[in-house]
Amino acid sequence: METIDLNYLCTVISSLSGVPIRVFENNKQTFYYSIVNLPKDPITPYKTKIFDIVDNVGYFITPNFNYYGIVNCPPHKIVIGPARQTENNEQNLKELAFRCDVPSDDIDDFVSGMKSIVKMPLNSIMQILCTINYVLNKEKLSLEDIMIYDDEQQNIKEILESDRANQNFNSDLAEIQSQQATHNTLALEQTLVNIVRKGDTAALREWIANAPAVRGGTLASEQMRQMKNMFIVTATLVSRAAIRGGMDIEDALSLSDAYIQKCELVYSVDRITNLQYHMVLDYTERVEKLRLGKSPSKLVTDISNYVQHHLSEPVDIETLAKAMYLSRTRLSVKFKEETGMTLTDFILKEKTEEAKRLLRYTDKTLPAISAYLGFSSQSHFSRAFRKYAEFSPSEYRKKYNS
C-alpha cells in the first residue's frame, strides 16, 4: 500500500470514466476528484449505508437508481459514483440537492453538473472496481464473483435439478399437463393494465391479495431468466399503461429502464417478486397523483404532470397557463370545472403532500423544507400545511416520527 499513490490512481480512473471518485481513511474523506463541477458531493445522504458495506468490492443503489461502487482496503475505502445508465429526472435531482443542503443559488449548477456525469452501466463501474481491487488487494475478481451470489445460486440449482429429476421419472404426466395448460395471462394483463392506467392503488392491493396463479408462456429455459423476462414484460406493460393514464412519456420509460436494470442485479426469486410488486405499485401511485376525477381530460393530466415536475419551485399560474397554451382565466375556469378545486388549492395540496414525505423521511429543518418547496416564507408554508394536513408541520413530524 505504501508504494501506491491512491490519489493519483483515483484521479486517472475518474478522468477516464467521467465519474466522481473519493478516498476515505478510517471513514474520513482524504481525497475527492471529479471532472464535473458539483457544489456539494451527492454522496452525502447515503454515506452511512455506503460505509456499512465492508466487502472488498460492493455497490449501493439509491432509491432513484443512481449507483455507487465501493472498494475496501482497510483503513481505506474508495467510492466511485454516482453513475447511471439513463438520464436523471430533474425533479429528483432538485430533491437530491435539497438533501445535500445545496444553497439555493447553486441548485442549477448542481443539477447541470449531475446531468453532465457520463452515463455508464453498473457492469462497467463494477469492472473498474475489479481493477482497483486487484491493485490494492491483489485479488482477482470477475463480475460473476461480485454480482452473482453463490448461496442463492446453489439453492436455485438444487431446485432446478430436483425439477429435472422429477420430470425424467414423470415425463408422460408432464407432457400431458403441458398440453392441457393454457395461457391465462391475457385476462390478468388486461386487469392489471386497467388498474395502473386508472391509478387505482386500492384496487391493485385487493387484486394482488386475490390474484390467481399465472400460467405464462415459456420465455427462457432457465428459471431465473424466466423470472427476469417476465419482469421485463410486466415493466413494459405497466409503463405503457401509465403513459395512457397520463404519466409523462419520458418519466415512464426512464423508470422502466431503471427497474429493469435493478432486476438484472437480483438473483433471488423472492427479491424479484418483491421488486415487481413495488414497481407496479410505484407506477399506479404515480398515475393516481396525476388523475383528478374518474375521467380526467388531457389538460388536467398535463397540469398535474407540470406541477409534479415543479414542486421544488414557486408554481406561477401565469407561466403554467402559457405552458398549456391557454389564458390564465381560461385555464383556471376549465380546471375548476373538471376537478371542483382551484388551481391554487391543487398546487398547495400537492406541495403539502411532498412536505409530508420530507417531514417524515428526512431530518431537514422546517425553514429548509419551506424554501425547497418554493414558499415565500416559513409562515406561508405553515399556514398552507395546516390547511391541507390539519396539523402544523412540527406536529405532523412529531406524530409520525415518535
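Residues numbered from 1 in each chain as written. Predicted model: local features only at pLDDT ≥ 70, side-chain atom pairs only at ≥ 80, totals over all residues. Heavy atoms only, no water.

## Looking at unusual backbone geometry
Argument step 1. The step from P74 to P75 runs through a cis peptide bond, and the omega angle for that step is 5 degrees.
Argument step 2. Inspection of the secondary structure puts P75 in the loop between strand 4 (67-73) and strand 5 (76-83).
Argument step 3. For the bond running from G81 to P82, omega is 5 degrees, close enough to zero to count as cis.
Argument step 4. Following the sequence through the fold, P82 ends up in strand 5.
Argument step 5. The backbone of D101 shows a phi angle near 60 degrees, a positive value even though the residue is not glycine. (Helix = DSSP H or I, 4+ residues; strand = E, 2+ residues; numbered from the N terminus.)

## Section: the pattern of salt bridges
Argument step 1. Counted according to the given criterion, the structure contains 16 salt bridges.
Argument step 2. With its nearest N and O atoms 2.6 Å apart, the salt bridge here joins K94 to E313. Of this pair, K94 sits in helix 3 (residues 90-99) while E313 sits in the loop between helix 14 (298-309) and helix 15 (317-323), and the two are 219 residues apart along the sequence.
Argument step 3. Residue K94 is classed as buried on the basis of its relative accessible area, which comes to 11%.
Argument step 4. Assessed through its relative accessible area of 23%, E313 is described here as partly exposed.
Argument step 5. R225 is the partner of E264 in a salt bridge, and the nearest nitrogen-oxygen pair spans 2.8 Å. Of the two residues, E264 sits in helix 12 (residues 249-264) while R225 sits in helix 11 (residues 223-244), which places them 39 residues apart along the sequence.
Argument step 6. E264 gets classed as partly exposed once you look at its relative accessible area, which sits at 27%.
Argument step 7. A relative accessible area of 28% places R225 in the partly exposed class.
Argument step 8. One salt-bridge network, held together by shared partners, links E90, K94, K115 and E313. (Salt bridge = Lys/Arg side-chain N within 4 Å of Asp/Glu carboxyl O. Buried < 20%, exposed > 50% of the residue type's maximum accessible area, 1.4 Å probe, protein only.)

## Structural notes on empty space enclosed by the protein
Unoccupied space between atoms shows up once a probe the size of one water molecule is rolled over them.
Argument step 1. This structure, assessed with the given rule, holds 2 cavities of 30 Å³ or more.
Argument step 2. By volume, the largest cavity is sized at about 70 Å³.
Argument step 3. The wall of the largest cavity is formed by N66, P82, A83, R84, T86, E87, N88, M114, K115, I117, V118 and K119.
Argument step 4. Among the elements of the structure, strand 5 and helix 4 (107-116) are those that each provide at least two residues to the lining of the largest cavity.
Argument step 5. Looking at the second largest cavity, its volume works out to about 40 Å³.
Argument step 6. If you go around the second largest cavity, the residues you meet are Y46, T62, N64, N66, N88, N92, L93 and L96. (1 Å grid on protein atoms, 1.4 Å probe; cavity = no way out; pocket = protein on both sides within 12 Å on 5 of 7 lines; lining within 4 Å. Points joined across faces, edges and corners; volume = space filled by probe spheres on them.)

## Considering the nonpolar core
Argument step 1. The biggest cluster of nonpolar side chains holds 46 residues, and the ones touching the most others in it are I50, I78, I80, L122, I125, I132 and L136.
Argument step 2. For this core, the secondary structure elements donating two or more residues are helix 1 (6-17), strand 1 (21-25), strand 3 (57-61), strand 4, strand 5, helix 3, helix 4 and helix 5 (122-137).
Argument step 3. Not counting chain neighbours up to four residues away, the residues in contact with I78 comprise L6, C10, I21, R22, V23, G69, I70, V71, I132 and L136. (Core = buried A, V, L, I, M, F, W, Y, C linked by side-chain atoms within 4.5 Å. Contact = heavy atoms within 4.5 Å.)

## Overview of the confidence of the model for the protein
Argument step 1. Of all residues in the protein, 85% have pLDDT values of 70 or greater, and the mean over the chain is 84.
Argument step 2. Note on residues 148-154: pLDDT under 50 across the span, and 9 contacts to partners over four residues away in sequence or across chains. (pLDDT = per-residue confidence, 0-100.)

## Regarding the environment of H278
Argument step 1. For H278, the position within the fold is in helix 13 (residues 269-290).
Argument step 2. Counting along the chain gives 19 residues from H278 to Y259, while the straight-line C-alpha distance between them is 9.7 Å.

## Some words on the packing of helix 19 (residues 378-389) against helix 20 (residues 393-401)
Argument step 1. At their nearest, the axes of helix 19 and helix 20 sit 9 Å apart, and the two run at 60 degrees to each other. By the criterion of interaxial angle, the relationship of helix 19 to helix 20 is oblique. Where helix 19 approaches helix 20, its residues F381, S382, F385 and R386 are matched on the opposing element by P393, E395 and Y396. (Axes fitted to C-alpha atoms, helices over the stretch in contact; angles between N-to-C directions. Parallel < 35°, antiparallel > 145°, perpendicular 65-115°, else oblique.)

## Some details on the packing of aromatic side chains
Argument step 1. Tallied over the entire structure, the rule returns 10 aromatic pairs.
Argument step 2. With 5.0 Å between their ring centres and 70 degrees between their planes, F65 and Y259 make a pair best called edge-to-face. With F65 in the loop between strand 3 and strand 4 and Y259 in helix 12, the pair connects residues that are 194 residues apart, well separated along the chain. In this structure, F65 and Y259 share a single accessibility class: buried. (Phe/Tyr/Trp six-rings, centres within 6.5 Å; stacked < 30°, edge-to-face > 60°.)

## So, helix 20
Helical geometry note: an α-helix holds 3.6 residues per turn, so side chains three or four residues apart project in the same direction.
Argument step 1. For helix 20, the set of buried residues is P393, Y396 and R397. The arc that holds the buried residues of helix 20, viewed along the axis, is 100 degrees, so those residues lie on one side.
Argument step 2. Among the structural elements, helix 17 (343-361), helix 18 (366-372) and helix 19 are those in contact with the buried residues of helix 20. (Arc of directions from axis to C-beta.)

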